[in-house]
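Examining the three-dimensional arrangement
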Amino acid sequence: DYDATPFVPEKDTDLDALREAAAACEGCPLFREASGTVFGEGRPGARVVLLGEQPGDQEDRRGRPFVGPAGRMLRRACEDAGIDPDETYVTNAVKHFKFVTTEEHGERRIHKPPSLRELTACKPWLAAELHVLKPELIIALGATAGKALYGSGFRVTQERGTLRKAPEGIEADEVVATIHPSAVLRAGKDRDDMYEGLVADLRVAAAALD
Ligand code: URA
Ligand code: SF4
């Protein structure tokens, strides 16, 4: 089955070596259509890891995580919650952009959620990043990030905004889940409420770091 493991360097490595190796990953079919691997980045000594789903269109073009609209909202929400985004490490559960292009959307590439198989295939990269970082806290952004950590039964609506022990095999102390900033961007009239909910969950994370 799909699996990144053959591409992941041995355990005593660092983030630069992981990033370089991940650039050549062919562990699942997603590398074929995307421009390139979007690996995590941020402070090597970060206490907090922000975990998204997968790179979006702009991230794919620029090769960096959370540099598009969702990333801008995430930065603002972190600041509003008292978390300095420059002190975090930012990454995604899946490291290649998955998308569809349709007639109806013209040249626009529309994000498509990764399958459970792709999520599982890519997990060795996340595990390797966490092995190096050993953060105090992971902030899981949205259902896919939660599933990458806790399995397919994870329900973000039930688990959000509470401090949880990190699951077996995940080298972090604790996890707080919340909604994905893209969900706020997609929301209509509820947008302000959803943004406030995101910030409230991030405050739980901020309090855990005090
Ligand atoms: N959404 C994500 O989940 N990750 C990114 O890097 C950008 C948008
Ligand atoms: Fe490898 Fe993950 Fe990209 Fe699939 S999505 S090719 S497992 S880096």
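Right, let's walk through the structure included here. (Residues numbered from 1 in each chain as written. Chains lettered and ligands numbered in written order. Predicted model: local features only at pLDDT ≥ 70, side-chain atom pairs only at ≥ 80, totals over all residues.)

Ligand 2 sits among 16 residues. The nearest are C25, G27, C28, H96 and C122. Here the shell around ligand 2 is composed, by residue class, of ten nonpolar, three polar and three charged. (Near = placed C-beta within 6 Å. Nonpolar A, V, L, I, M, F, W, Y, C, P; charged D, E, K, R; others polar.)

With that settled, consider the sheet that holds strand β2 (residues 48–52). Strands sit in the order β1-β3-β2-β6-β8-β7 across an open sheet of six strands; the sheet is mixed. Where the open sheet ends on each side, the last strands, each with one partner, are β1 (41–42) and β7 (163–165). As paired elements, β7 and strand β8 (residues 174–178) share three bridges and run antiparallel to each other. Across the sheet, the residue bridging to K165 is E174, located in β8. Helix α8 (residues 191–209) contacts β2, β6 (137–141), β7 and β8 of the sheet and is inclined by roughly 170 degrees relative to β8. (Pairing = 2+ DSSP bridges. Helix = DSSP H or I, 4+ residues; strand = E, 2+ residues; numbered from the N terminus. Contact = placed C-beta atoms within 7 Å. Axes fitted to C-alpha atoms, helices over the stretch in contact; angles between N-to-C directions.)

With that out of the way, let us pick up the pairing of β6. For β6, the tally of buried residues reaches five of five residues, placing the bulk of the element in the interior. Taking every second residue as pointing to the same face, both faces of β6 are buried, with L137, I139 and L141 on one and I138 and A140 on the other. With four bridges joining them, β2 and β6 adopt parallel strand pairing. Following the sheet pairing, L51 is matched in β6 by A140. As paired strands, β6 and β8 are joined by five bridges and run parallel to one another. (Buried ≥ 20, exposed ≤ 12 C-beta atoms within 10 Å, placed from the backbone.)

The next subject is unusual backbone geometry. For F66, which is not glycine, the phi torsion reads 50 degrees and is therefore positive. With respect to the helices and strands, F66 occurs in the loop between α2 (57–62) and α3 (69–81). Its 27 C-beta neighbours within 10 Å are what place F66 among the buried residues.

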